[in-house]
Amino acid sequence: MKVGFLHSIIRKEEKLLLEEFRNREGIELIKIDDRQQFFDLHKNDFDIDVIIERCVNHSRALHSMKIFSDHGIPTINNPEVAETCGSKFLTTQALIKAGVKTPRCFLAYTPESALEAMEHLGYPCVIKPTTGSWGRLISKVNDRDAAEAILEHKQILGSYHHSIFYIQEYLEKKGRDIRSFVVGNDCIAAIYRHSEHWITNTARGATASNCPVTQELHDISVQAAMACGGGVVAVDVFETDEGYSINEVNYTMEFRNSIDVTGVNIPEKIVDFVLKEGRQ
Amino acid sequence: MAECPVCGAEVSLEGDAEVGEIIACDDCGSELEVTGKDSLQEAPQEEEDWGE
């Protein structure tokens, strides 16, 4: 089987996946660096059975997977999953539509209506760019003064993406949240992400410890994954007094800090899934 | 042995170093990208759509 490995920079995750693929028999691994690739949109230049996407740029991942997929090459994940998970707005819409619990959320297009939405939701609340990762440019808004300042900054300094105001209820995380890993129909592992800061991304310094995958956590993680189209995703879960609430779903998941603490060989599970999809 | 493009220090690449891999220079701490068996360049800067 010919496996296309779509990437840009090679991080710890990509290295572990490459190693896992190379340990499998009967696999021809073809690395495709998105920085060096151009695509003839009219024909399929690729003799590949399945693509695993590991781009660090969301825009490149999305476009590339659309091209491969339209040529009939299965991609992990598929472009619809990337499109949904790459937008916090589309993710929230998908979760609401599927009946998966998620924090209350408003969308507005002008600073004035965004301020009104925040006043309606109450403080503190969180304002996020609809596209972005690693906790970048997300703001906890504690009061009206902060809201006015952030909205003015976004209006004057922000790019086009910041003209859509995605406003989310602030949930007190009590120093941790959960990151669960879903592969196909299975939640294979989960970690707690601990931080004194309200942002609990491990990319921002949060530490990881094992989180037992209860039936409840398994089920809501898989439901969230399926709401966004399934595949290989990482789900960010808040613990609330009323049960779990899904914050985000990530489609090019990072797992370097989660293998040792969970004892689960995450790259092995991902490679198994990719090869299974490639055989179908 | 490769040379750090930032500080000029010699950087020893592991045998299994991968083209595209990000490593750090032990001398200056710069993030570097492996471009060949004995070559490095400065790692690209984070962009707005980088992430998961």
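Conventions and cut-offs
Residues numbered from 1 in each chain as written. Chains lettered and ligands numbered in written order. Predicted model: local features only at pLDDT ≥ 70, side-chain atom pairs only at ≥ 80, totals over all residues. Heavy atoms only, no water. Domains from an automatic or database assignment. Contact = heavy atoms within 4.5 Å. Buried area = accessible area lost by both parts, 1.4 Å probe. Salt bridge = Lys/Arg side-chain N within 4 Å of Asp/Glu carboxyl O. Polar contact = N/O pair within 3.5 Å; in protein donor to acceptor, adjacent residues only side chain to side chain. Nonpolar A, V, L, I, M, F, W, Y, C, P; charged D, E, K, R; others polar. Helix = DSSP H or I, 4+ residues; strand = E, 2+ residues; numbered from the N terminus. Buried < 20%, exposed > 50% of the residue type's maximum accessible area, 1.4 Å probe, protein only. Pairing = 2+ DSSP bridges.

1. Things to note about the domain arrangement of chain A
All names here are of chain A. Taken domain by domain, chain A consists of domain 1 (2–84), domain 2 (105–169) and domain 3 (172–263). Using C-alpha coordinates to define each centre, domain 2 is positioned 24 Å away from domain 3. The partner domain 3 presents 8 residues to the 9 residues of domain 2 that form the contact. The contact between domain 2 and domain 3 buries some 700 Å² in all, and 49% of this surface belongs to carbon and sulfur atoms. Counting across the domain 2 and domain 3 interface gives 1 salt bridge. The shortest N-O distance in the salt bridge between E248 and K128 comes to 3.3 Å. For the pair domain 2 and domain 3, the interface holds 6 residue pairs in polar contact (both at pLDDT 80 or more). Across the side of domain 2 that touches domain 3, the residue classes tally to 3 nonpolar, 3 polar and 3 charged.

2. Comments concerning the environment of I266 of chain A
Residues and elements named next belong to chain A. Mapped onto the elements of the fold, I266 is located in helix 9 (residues 266–279). Among the residues examined, I266 registers a relative accessible area of 0% and is labelled buried. Note: C-alpha distance between I266 and E152 (114 residues apart in sequence) is 43 Å. In this view, I266 contacts F181, I188, M253, F255, S258 and I259; residues no more than four positions away in its chain are not counted.

3. What to know about the sheet that holds strand 2 (residues 28–33) of chain A
Residues and elements named next belong to chain A. Strand order in the open sheet formed by 4 strands is 2-1-3-4, and the pairing between neighbours is parallel. Strands at the two margins of the open sheet, each flanked by one partner only, are strand 2 and strand 4 (75–76). Examined bridge by bridge, strand 1 (residues 2–7) and strand 2 share 6 bridges and lie parallel to one another. Within strand 2, the position partnered with K2 by the bridge is E28.

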